[in-house]
Amino acid sequence: MKEYVMGNGAIAYGALKAGVNLVSGYPGTPSSEIVETVAKAKPEGVHVEWSVNEKAAMEVAAAAAYSGARTLVTMKQVGLNVASDPLMSLAYVGVKGGMVVVSADDPGPISSQTEQDTRRFAEFARIPVFDPSSPEEAYEMIQDAYECSEKYATPVLFRPTTRVDHAYAAIDRPEKFEPNRVSGFIKNSKKWVIFPRLSFANHAMIEKRNVEIGEEFSSYRFNTVEGGNSKKAVVASGISYAYAKEFLEDYPDVKLIRIGTPYPFPESFVKKALEGVTEVLSLEELSPYNEEQIARLCGRNGIVLTIRGKLTGDVPASGELSTNLIAGILRKYLELPGEASEIDVSDAPELPVRPPVLCAGCPHRASFYAVKKAMKGRNCYFCGDIGCYTLGNAMPLDMCDTCLCMGAGITMAQGFTWMDKEGIGFAFVGDSTFFASGMTGVVNAVYNNANMILCVLDNSTTAMTGHQPHPGTGRNMMGDIVEKVDIASVLTGIGVSKVVTVDPLNLNEAMGAVRMCADLPGVKAIIFKSPCVAISKPVGKCHITGGCLNCGKCIKEIGCPGLIRVNGRVTIDPNLCTGCGLCSQICPVDAIQEVTQ
Amino acid sequence: MKKDILICGVGGQGTVLASKIIAASAMEAGDLVHSAETIGMAQRGGPVTSHVRIGEEAYSPLIPFGSADMILSFEPAEAVRNLRYLKPDGIVIVNSVPVKPVTESLMPTGYDGTEMIAYLKKKCTCIVVDGEALCRPFGSSRYFNIAILGVAAASGRLGIAKEIILREIERRVPAKYLEANKAAFQAGAEIGAQYEVK
């Protein structure tokens, strides 16, 4: 049957068609829809889970793969950093059933901290990587990835980028999926227990094997040469290949070499493709991976070739590429006359800037505001974290002094106050991030006698990535209702001296809790509990009464998008207001009323 | 048929549903379709675009500059922001109702969309639709995403029959809202018919 699906859906269906038995992952844009698609299609006998973090996902899948199951692990590129500990070792130990690790890269970056390149990780870990250029190809390629993984008993990386993950195409997929038969785990400590001796022996085996895989990849169906026999050739991979192919449709003489398997580099294939070529341009996003591989290949084989790309400044070093950018680069490289005809917009009026903001009625706004007001005039460090609440950095809240990586706010709040004992360290962390990588940081604080206040912004979901459930929500991806892991109990169990739960939308209560905790020694925690407005029914609407002085305090203090000025008057946008009532608690003359529906 | 259609607006306006309906309708009509959506942080009040590419020749999910046959814009400034994508002889269908940036109340710029509409009229063929007036009978601006499809279909420039799109709407919209959506589509079609290219 044909289905019009997102690239991530195509990846999920490809894995299901390959008979995948277990799928695990942690949400992260642009990878999240893979696990969601599997959970929706869920064939009998397939286990699917949102793991607590990427490391857990990798380890759950590794054991299943030791048992002969086909497994799929999904994450975004920074998630691979979290999962790198098991992955690096797993590369030495190997697997039995096929194991494909999808790490979605995010050139731009559009919604990530880094512009890291998973192809580098593959080379670093010495494991194969596949690089699809479209949803259709991703569907086919991931099935090949399982074959490769099983043939060489190694985990395999699969690296789509945002534009492949979020592109839509029609996929011809089976109506029903059949999971593979799982042979079962066969105990053998010489094989499954990693010791220096095993690592030494396997390291040698892996290096030898990778040469073999590179050779096999040299005849792989998605490593292709198109066009004529031009002296100037183009090498591209991933979505850059799609951009280049579209542009080169009008220039069929230009040789276009596509690399679908960046590591182990298909050397024989590339060597042959470069015969008769004097100059090559490498089109790729993130890092000059292919460009450097070609340079090495030429050096080792005495091939004289001018190699252009990121290292020569012909291709931008950072940011994502596009059809337009690539068209410009290719025009220059191929010395083509003319420009595409397009409307000249250089005289366009100045466009409104639309930065992302916390939604109207978002409880995070209230939590930040309560801490800000309660701590006014005091020496504080506000350590942020990864999630919607990173947007607490925006004016007028300005409540995010740092943001580094998942869970870092908790440990950084400790570091700041060790260097400034008079300062009060605050860490803001969401519920999903708390489970993913916050708990160990709290143990660190208790163990080392730190002084800090942990603010858990508990909205009962993983909001930023599309509202996935997590251990605190009482639901899992198998559709089971499960015991909720209670954050307050976790904190009490760890030994946090004071744990209070407040409703952030009750401003006085929330500020009182902050003040109390600020004056207590040790590790304290405030759980600001209120559901995400994007998935809960609004309680009502606020409206402005006749007493409004039009002072604009509500607008200036909290910056809620639901508060606007119409003809100079402060007004509440009824389409946006959720009736959270925060503004009504700020109004100096009580001119805002909450009306419940 | 080869057609590139860009749909743009501000996060939360319902552009994704409009893009999905166009893509599904084109497939129903037997064409090969690719599309791409903005997903993630940009969705929260930020500019959003959907690229719908119909036909065999499209390899990339994104429309190149100067290539869109039609831009459906849910907001005046967003049409200008994406105007480079339009073919010089393409058409823009644009909602004249502005969405002020969420920072407008904090840092007023006086943006109200009129300058954008005037600029669009100067630069390209465009159909300006007053979304507020169009959606008033249905009680919510949320129907605009379906109404604009009516305008596009009846203008004859979309290249997909009205009936096919209506069928897709029936398939995708919950029964409770179906009648209002069909009426919104019809109201849009009446506007589009005035500009019909035969």
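Everything quoted here is computed from the prediction, not taken from an experiment.

Reading the values: rules and limits
Residues numbered from 1 in each chain as written. Chains lettered and ligands numbered in written order. Predicted model: local features only at pLDDT ≥ 70, side-chain atom pairs only at ≥ 80, totals over all residues. Heavy atoms only, no water. Buried < 20%, exposed > 50% of the residue type's maximum accessible area, 1.4 Å probe, protein only. Helix = DSSP H or I, 4+ residues; strand = E, 2+ residues; numbered from the N terminus. Pairing = 2+ DSSP bridges. Bend = angle between axes of the 7 residues up to and from the residue. Contact = heavy atoms within 4.5 Å. Buried area = accessible area lost by both parts, 1.4 Å probe. Salt bridge = Lys/Arg side-chain N within 4 Å of Asp/Glu carboxyl O. Axes fitted to C-alpha atoms, helices over the stretch in contact; angles between N-to-C directions.

### Let's talk about the pairing of strand β1 (residues 3-10) of chain B
Consecutive side chains along a regular strand alternate between the two faces of the sheet. Residues and elements named next belong to chain B. Taking burial as the measure, the 8 residues of β1 include 8 buried ones, the bulk of the element. Burial of the side chains of β1 extends over both faces: K3, I5, I7 and G9 are buried on one face and D4, L6, C8 and V10 on the other. Here β1 runs beside strand β3 (residues 47-54); their pairing, made up of 8 bridges, is antiparallel. What sits directly across from V10, in β3, is P47. Of the strand pairs in this sheet, β1 and strand β4 (residues 68-73) are connected by 4 bridges, and their pairing is parallel. Bridging across to β4, L6 finds its partner in I71.

### Looking at unusual backbone geometry
Residues and elements named next belong to chain A. Residue P30 is reached from T29 by a cis peptide bond, and omega for that bond is 10 degrees. With respect to the element layout, P30 can be found in the loop between β2 (22-25) and α2 (33-41). Going from G108 to P109, the amide bond is cis rather than trans, its omega being -20 degrees. Residue placement: P109 occurs in the loop between β5 (99-104) and α6 (118-125). Not every positive phi belongs to a glycine, and N550 is a case in point at roughly 60 degrees. Residue classification places N550 among the partly exposed residues on the basis of a relative accessible area of 22%.

### Looking at helix α17 (residues 431-447) of chain A
Residue and element names in this part refer to chain A. Along α17, the sharpest kink reaches roughly 65 degrees, centred on S437. Those residues of α17 not exposed but buried are D431, S432, T433, F434, F435, A436, G438, G441, V442 and A445. Positive phi appears at N449, one or two residues downstream of α17, with a value of about 60 degrees.

### A closer look at the interface of chain A and chain B
Across the contact, 51 residues belong to chain A and 52 residues belong to chain B. Summing both partners gives a buried area of about 4500 Å² for chain A against chain B, and 63% of it is carried by carbon and sulfur. Of all residues in chain A, Y4(A), I343(A) and R354(A) bury the most surface against chain B, accounting for 18% of the area lost on that side. Remark: the boundary between chain A and chain B carries 5 salt bridges. We note a salt bridge from D347(A) to K123(B), for which the minimum N-O separation is 3.2 Å.

### Focus on the environment of L404(A)
All names here are of chain A. Turning to its location among the elements, L404 is positioned in the loop between β14 (380-383) and α16 (408-419). Judged by its relative accessible area of 52%, L404 falls in the exposed class. The sequence separation of L404 and A153 amounts to 251 residues, and the corresponding C-alpha distance is 36 Å. Once you skip the residues sitting within four places of it in the chain, L404 turns out to touch Q113, I386 and M412.

### Some remarks on the sheet that holds strand β9 (residues 224-226) of chain A
Residue and element names in this part refer to chain A. Taken in spatial order, the 5 strands make up an open sheet running β9-β11-β10-β12-β13, and their pairing is mixed. Looking at the sheet topology across the chains shown, the edges are occupied by β9 and β13 (306-308). Between one strand axis and the next, the sheet turns through 20 degrees on average, direction left out of account. The strands touched by helix α13 (residues 289-301) within the sheet are β10 (232-236), β12 (279-283) and β13, with β13 carrying the most contacts at an inclination of about 170 degrees.

### Re the pattern of salt bridges
Residue and element names in this part refer to chain A. Counted according to the given criterion, the structure contains 39 salt bridges over all chains. For R173, the salt bridge is made with E3, and the minimal N-O distance between the two is 2.7 Å. One end of the pair, R173, is in the loop between β8 (167-172) and α9 (189-192); the other, E3, is in strand β1 (residues 2-6), and 170 residues separate them in sequence. For E320, the salt bridge identified is with R163, shortest N-O distance 2.7 Å. Taken as a pair, E320 in the loop between β13 and α14 (323-333) and R163 in helix α8 (residues 162-165) lie far apart in primary sequence, 157 residues in all. Each member of the salt-bridge network shares a partner with another, and the members are D105, D117, R119, D131, R159 and E284.

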